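Analysis of the macromolecular model
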Amino acid sequence: MQKSATLSFEKADLLKLYQDMLLMRRFEERASQLYGMGLIGGFCHLYIGQEAVVTGIQAVQESQDTVITAYRDHAHMLACGMDPRGVMAELTGRIGGYSKGKGGSMHMFSREKNFYGGHGIVGAQVPIGTGMALAHKYKKDNGVCLTYFGDGAANQGQVYESFNMAKLWGLPVLYIIENNGYSMGTAVNRHSCTENFYMRGEGFGIPGKLVNGMDVLAVREAAAEALDYVRANQAPMILEVETYRYRGHSMSDPAKYRTKEEVDDYKTNRDPILKFKGALMNEYNFTEDDFKPAEDFVKQEIKETIEFAQSSPEPDASELYTDVYVEEGAQ
Amino acid sequence: MKTLTVREALREAMLEEMHRDQNVILLGEEVAEYNGAYKVSQGLLDEFGAERVIDTPITEMGFAGLGVGAAFNGLKPIVEFMTFNFSMQAIDQIVNSAAKTLYMAGGQMGCPMVFRGPNGAAARVAAQHSQCYASWYAHCPGLKVVAPYSAADAKGLLKAAIRDPNPVVFLENEIMYGASFELPDDKDFVLPIGKAHIEREGKDVTITAFSICVRHALEAAEMLAKEGIEAEVINLRSLRPFDADTVLASVRKTNRIVSVEEGWPFAGIGAEIAAQVNEKAFDFLDAPVTRVTGEDVPMPYAANLETLYLPSAEKVYKAAKAVCYK
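Values in this document were obtained by computation on a predicted structure and should not be read as measured data. (Residues numbered from 1 in each chain as written. Chains lettered and ligands numbered in written order. Predicted model: local features only at pLDDT ≥ 70, side-chain atom pairs only at ≥ 80, totals over all residues. Heavy atoms only, no water.)

1. Re the overall build of chain A
- Helices and strands together make up the secondary structure of chain A, namely 11 helices and seven strands.
- In terms of overall dimensions, chain A has a C-alpha envelope of 65 × 50 × 40 Å along the principal axes.
- Relative to its 331 residues, chain A shows a buried fraction of 56%.
- In chain A, the proportion of contacts linking residues at least 24 apart, taken out of those at least 6 apart, comes to 75%.
- Put simply, chain A shows about 13,300 Å² of open surface, and 50% of that area lies on carbon and sulfur atoms.
- For chain A, the centre of its 34 positive side-chain charges and the centre of its 45 negative side-chain charges are spaced 1 Å apart. (Helix = DSSP H or I, 4+ residues; strand = E, 2+ residues; numbered from the N terminus. Buried < 20%, exposed > 50% of the residue type's maximum accessible area, 1.4 Å probe, protein only. Contact = heavy atoms within 4.5 Å. Areas by Shrake-Rupley, 256 points an atom, 1.4 Å probe, with all protein chains shown as cover. Lys, Arg positive; Asp, Glu negative; His and termini not counted. Charge placed at Lys NZ, Arg CZ, Asp CG, Glu CD.)

2. Topic: the domain arrangement of chain B
All names here are of chain B.
- Per the domain assignment, the segments of chain B are domain 1 (2-183) and domain 2 (197-323).
- Inter-centroid distance (C-alpha atoms) of domain 1 to domain 2 is 26 Å.
- Facing 30 residues of domain 1, the contacting portion of domain 2 comprises 27 residues.
- Across the domain 1/domain 2 interface, buried area totals approximately 2,300 Å², and carbon plus sulfur atoms make up 58% of it.
- For the domain 1 face of the interface with domain 2, the top three residues by lost area are Arg 124, Ala 147 and Tyr 149, together amounting to 28%.
- At the junction of domain 1 and domain 2, the tally comes to one salt bridge.
- Between Arg 237 and Asp 153 there is a salt bridge, with its nearest N and O atoms 2.8 Å apart.
- Between domain 1 and domain 2 we count 11 residue pairs in polar contact (both at pLDDT 80 or more) in total. (Domains from an automatic or database assignment. Buried area = accessible area lost by both parts, 1.4 Å probe. Salt bridge = Lys/Arg side-chain N within 4 Å of Asp/Glu carboxyl O. Polar contact = N/O pair within 3.5 Å; in protein donor to acceptor, adjacent residues only side chain to side chain.)

3. Observations concerning the interface of chain A and chain B
- Opposite the 43 residues of chain A that make contact, chain B presents 50 residues.
- Both faces combined, the contact of chain A with chain B buries some 3,800 Å², and carbon together with sulfur accounts for 62% of it.
- Summed over the shared surface of chain A and chain B, the number is one salt bridge.
- Between chain A and chain B we count 21 residue pairs in polar contact (both at pLDDT 80 or more) in total.
- Put simply, the parts of the chain that give the side of chain A that touches chain B at least two residues each are helix 5 (125-139) and helix 6 (157-169) of chain A.
- Considering every element that reaches the side of chain A that touches chain B, the biggest residue donor is helix 5 of chain A, with 10 residues.
- Classifying every residue of the side of chain A that touches chain B gives 20 nonpolar, 14 polar and nine charged. (Nonpolar A, V, L, I, M, F, W, Y, C, P; charged D, E, K, R; others polar.)

4. Describing the pairing of strand 4 (residues 76-80) of chain B
All names here are of chain B.
- Taken across its five residues, strand 4 has five buried, putting it largely inside the fold.
- Judged by which residues are buried, strand 4 turns out to be covered on both faces: Lys 76, Ile 78 and Glu 80 on one side and Pro 77 and Val 79 on the other are all buried.
- Of the pairings in the sheet, the one linking strand 2 (residues 24-28) to strand 4 comprises five bridges and is parallel in character. In the strand pairing of strand 4, Leu 27 is matched with Val 79. (Pairing = 2+ DSSP bridges.)

5. A word on the packing of helix 5 of chain A against helix 3 (residues 60-72) of chain B
- In the contact formed by helix 5 of chain A and helix 3 of chain B, the axes pass within 6 Å of each other and the chain directions differ by 50°. Here helix 5 of chain A lies oblique to helix 3 of chain B, going by the angle between them. Crossing hand, helix 5 of chain A versus helix 3 of chain B: right-handed. Residues Pro127(A), Ile128(A), Thr130(A), Gly131(A), Met132(A), Leu134(A) and Ala135(A) of helix 5 of chain A touch helix 3 of chain B, and the partners they reach there are Met61(B), Gly62(B), Gly65(B), Leu66(B), Val68(B), Gly69(B), Ala70(B) and Phe72(B). (Axes fitted to C-alpha atoms, helices over the stretch in contact; angles between N-to-C directions. Parallel < 35°, antiparallel > 145°, perpendicular 65-115°, else oblique. Left-handed = near helix turned anticlockwise from the far one by under 90°.)

6. Observations regarding helix 4 (residues 84-91) of chain A
All names here are of chain A.
- Of all eight residues making up helix 4, eight are buried, and the element is well covered by its neighbours.
- Looking only at helix 4, the buried set comprises Pro 84, Arg 85, Gly 86, Val 87, Met 88, Ala 89, Glu 90 and Leu 91.
- Its buried side turned inward, helix 4 meets helix 1 (11-36), helix 3 (74-79) and helix 11 (288-311).
- Sitting at the amino-terminal end of helix 4 is Asp 83, which places a side-chain oxygen 2.8 Å from the backbone nitrogen of Arg 85.
- A positive phi of about 70° marks Gly 93, the residue just after helix 4.

7. Quick notes on the sheet that holds strand 12 (residues 238-240) of chain B
Residues and elements named next belong to chain B.
- Strands sit in the order 3-2-4-5-7-6-12 across an open sheet of seven strands; the sheet is mixed. Of all strands in the sheet, those with a lone pairing partner are strand 3 (53-55) and strand 12, marking the two edges. Each strand axis lies, on average, 20° off the axis of its neighbour in the sheet, ignoring direction.
- When strand 6 (residues 144-146) meets strand 7 (residues 168-172), the two strands line up parallel, connected through three bridges. Residue pairing for strand 7: Val 145 is matched across the bridge by Val 169.
- The strands touched by helix 1 (residues 6-20) are strand 2, strand 3, strand 4, strand 5 (114-118) and strand 7; relative to strand 2, the strand with the most contacts, the crossing angle is about 135°.

This is the structure we're talking about:
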């Protein structure tokens, strides 16, 4: 099998994983604050607790690969290399946002960074990601579409329509199921007759793998293998990543469907950032000082992000009517 | 000039545009090996191969969404619905994913593709296979919606739709597939989306119609002419963008208007035309804006009831006479 990604255990690369996760955590914490202050409106779905998933996976994607997800998407954008200033300014509805303030938290895109949304309809991104994979195959660009969805979306019919076409036509798509245990407020055992989402492709002949999504190195290794499989075989694969979100489904959800003890157990004993930091100190001989540049960087980056997101102006009233149609090239 | 059926004109449009642009692909149920459920894609598989002419499973939401993704990632898909009745399975992808992305992305990326297939009533296929989606899709900013009547419309507008950088809903009509028309013998014959066409000039009453209803309108105009009433028949061609200028100019001349469509009356295309005429040409009206539509019931199966349901030349004739107070 082709082995494209060599997993690096160099100090700088490990530190980068830590820094990426920390940036996501701080970004989301500040988004929560800005929401509370009334600077962010509408729906806002935070990723806190799940950082190891997208960090581990995006660390091993190749530059021609494309990414698509649903609406819990801020961290995916950061992992794709999008500027946190532009992401946060979109949350505050400002012209400096990636969508000029017209998309909001759930609808953001960056063609430059191969991030194709940011979709507000649960499951709709799955056939779209499958179609992006069809285009990769058609263009013969050796790209894979990384298509993220949750355990809740895993019960949408269009997911299985996509599995069927992806396998039938040999499309290079990696389906990543972020299983955080809850489909909004409904626990997995109450919404799914079988809970092994990685096995959901069995009837289609699509292989699946389960990985601990609270361990960034385990995710990275599994993602590298999965991407190799998809690229080499030009065939879909499912990667189920077991994870946990600390906050409610969205900002308006007090999350009363689970116990405080359950949440505290994750925060205390399984937190992806704390665990990784501990592992780096215990197994890779990092000291507190080693983390300081990353922590300082995140601190400064977030400071500038918050400033930008509040100082960037609201879109001009004329923006209401732009971007409905592409005018250039229309007959 | 040459003579083609609407079916041949649609096929020729796809053939020419697929030769013109390597990124144009066609996908849908039975489009390839079966040569199209209605033979619109006859021979395209042989011409372009299975990479570009793709038989899909019966999975409308899936393949419509897949088409959207292919468009996001650089291709220009033509997604065929065997009939638009089945597009209801896929309407979320058409409206939420295809139509809105350009706006939601602040103009960064859009969705250049075509959704096409027969729309409206065929013959005796009853309620679930006889619906007109014109007003459904025309309701949505971000979509363009086109409904050809003749072979020239079919070819010129489909070529424009394929070249258009926006998602276009292209509403064909099964009964019209076999109808023959003259059209220019020109590879670069393209009709602009957003422009109506005056099929017949007249001074006494304006009749607007699209798709097969243009035929009813033209027949009604013949009947009216025998009684000395000169009807102006406007083939709308494009429902979004809507060519209000042409319709309003005609109303200012004739002072009367009858809108014809197969769809239901409530919130239909005729309702929109009535609103626009009311807003912009109220002082020119000598009679109420009048609609001839499909009846406000699901399409019945029985032959006599089906006839009662549908617009016809006779119904258009009567409505035109009524607004002329004759």
